[in-house]
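Architecture at a glance
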Amino acid sequence: MPELPDVEAFRRYLGATALHKRITEVVVKSRRVLEGVKSRRLREVLKGSRVEDSSRHGKYLFCELDNGQYLVLHFGMTGFLKYFKNEDQKPDHQRLILHLENGYRLVYDNQRLFGRVFLAEDRERFIRKQQLGPDALAVDFKRFASILSRGRGAVKTTMMNQQMLAGLGNIYTDEILFQARIHPKTKIAGLTEEELRNIFDQMKEVLEEAIEARADPRRMPETFLLLHRDENCACPRCGGPVKKISLSGRGSYLCPVCQENPE
DNA sequence: AGTACCACCTGACGGC
DNA sequence: TGCCGTCAGGTGGTAC
């Protein structure tokens, strides 16, 4: 699930729920998700504090605490946040539970344990340490073009590399390339300036529309490929069959008519 | 240095 | 019904 638009949706969800509420108790249900911090330390820092602000860089969510520290959440493939009061509403794979002063809980759920929870003192230093590229939604064209041109392989692989650009995953990269009518295997070096510009514009467009839809596919435009991610589904542009290929080990969906293979 | 592939986890789904 | 292989929206390490 969680690529940039999903994490942005979690951020807004946090803003509408647990923000500014005092954390009264902290339960680490799975210490495997903790990265670089022990349960005890995490509890000490979180207990009694409040999340006063939130921000996002790529797929990372930064929860700024009133003690100056940051609770940093990464969701892996299956993570999400859930705010609830009654026990019968609790999600199936709670990994970190924050009890709040109003009797509600904010839960970090993560079925496959690929997500990570960090504690950071400095947001920018954390981003540097993780070697993240600029956020895909914040980057300007000049920077985008110069970063992408460092890639030697397929355009999709480069766009998904978090050290190049932070925030794009498998689904949205497919979507952007579909909208830009570029085949995912196209080599970066083979792209014209115009095509690069088009990819950039579509990246912004797709991300903004997905955020607008609260990362919920049911609210997304019918023209989105991600609603038709199935082999032989009809391409929303030309009606031809959608094709699935494998690119660096990931399933990639595309329309072979709209996205011509350069080879 | 850059890129490709596997492993890490759990669960859902389709075929037999 | 049950077992098995395959696959899933991420990423780190390792091998070229």
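Procedures and definitions
Residues numbered from 1 in each chain as written. Chains lettered and ligands numbered in written order. Predicted model: local features only at pLDDT ≥ 70, side-chain atom pairs only at ≥ 80, totals over all residues. Heavy atoms only, no water. Domains from an automatic or database assignment. Contact = heavy atoms within 4.5 Å. Buried area = accessible area lost by both parts, 1.4 Å probe. Salt bridge = Lys/Arg side-chain N within 4 Å of Asp/Glu carboxyl O. Polar contact = N/O pair within 3.5 Å; in protein donor to acceptor, adjacent residues only side chain to side chain. Helix = DSSP H or I, 4+ residues; strand = E, 2+ residues; numbered from the N terminus. Pairing = 2+ DSSP bridges. Axes fitted to C-alpha atoms, helices over the stretch in contact; angles between N-to-C directions.

A separate point is the domain arrangement of chain A. Partitioning chain A into domains gives domain 1 (4-129) and domain 2 (141-254). The gap between the C-alpha centroids of domain 1 and domain 2 is 29 Å. If you look at the interface, domain 1 gives 10 residues, while domain 2 gives 12 residues. Together, the buried faces of domain 1 and domain 2 total about 820 Å²; carbon and sulfur atoms form 71% of this surface. Together, Leu 4, Pro 5 and Lys 59 form the three largest contributors to the area buried by domain 1 at its contact with domain 2, with a combined 58%. Here domain 1 and domain 2 share 0 salt bridges between them. Linking domain 1 with domain 2 are 2 residue pairs in polar contact (both at pLDDT 80 or more). When residues of the side of domain 1 that touches domain 2 are assigned to their parent elements, the largest contribution, 6 residues, is made by helix H1 (residues 4-16).

The strand order across the open sheet formed by 4 strands is S1-S6-S7-S5, and the pairing between neighbours is antiparallel. Each edge of the sheet is formed by a strand with only one pairing partner; in this case those strands are strand S1 (23-28) and strand S5 (79-84). Direction aside, neighbouring strands of the sheet carry axes that sit 15° apart on average. Judged from the 5 bridges that link them, S1 and strand S6 (residues 94-100) form a sheet pairing that is antiparallel. Residue pairing in the sheet places Ile 23 in a bridge with Leu 100 of S6. Of the strands in this sheet, S5 and strand S7 (105-110) are in contact with H1, which crosses S5 at around 15°. Strands in contact with helix H2 (residues 39-46) are S1 and S6; relative to S1, the strand with the most contacts, it is inclined by about 165°.

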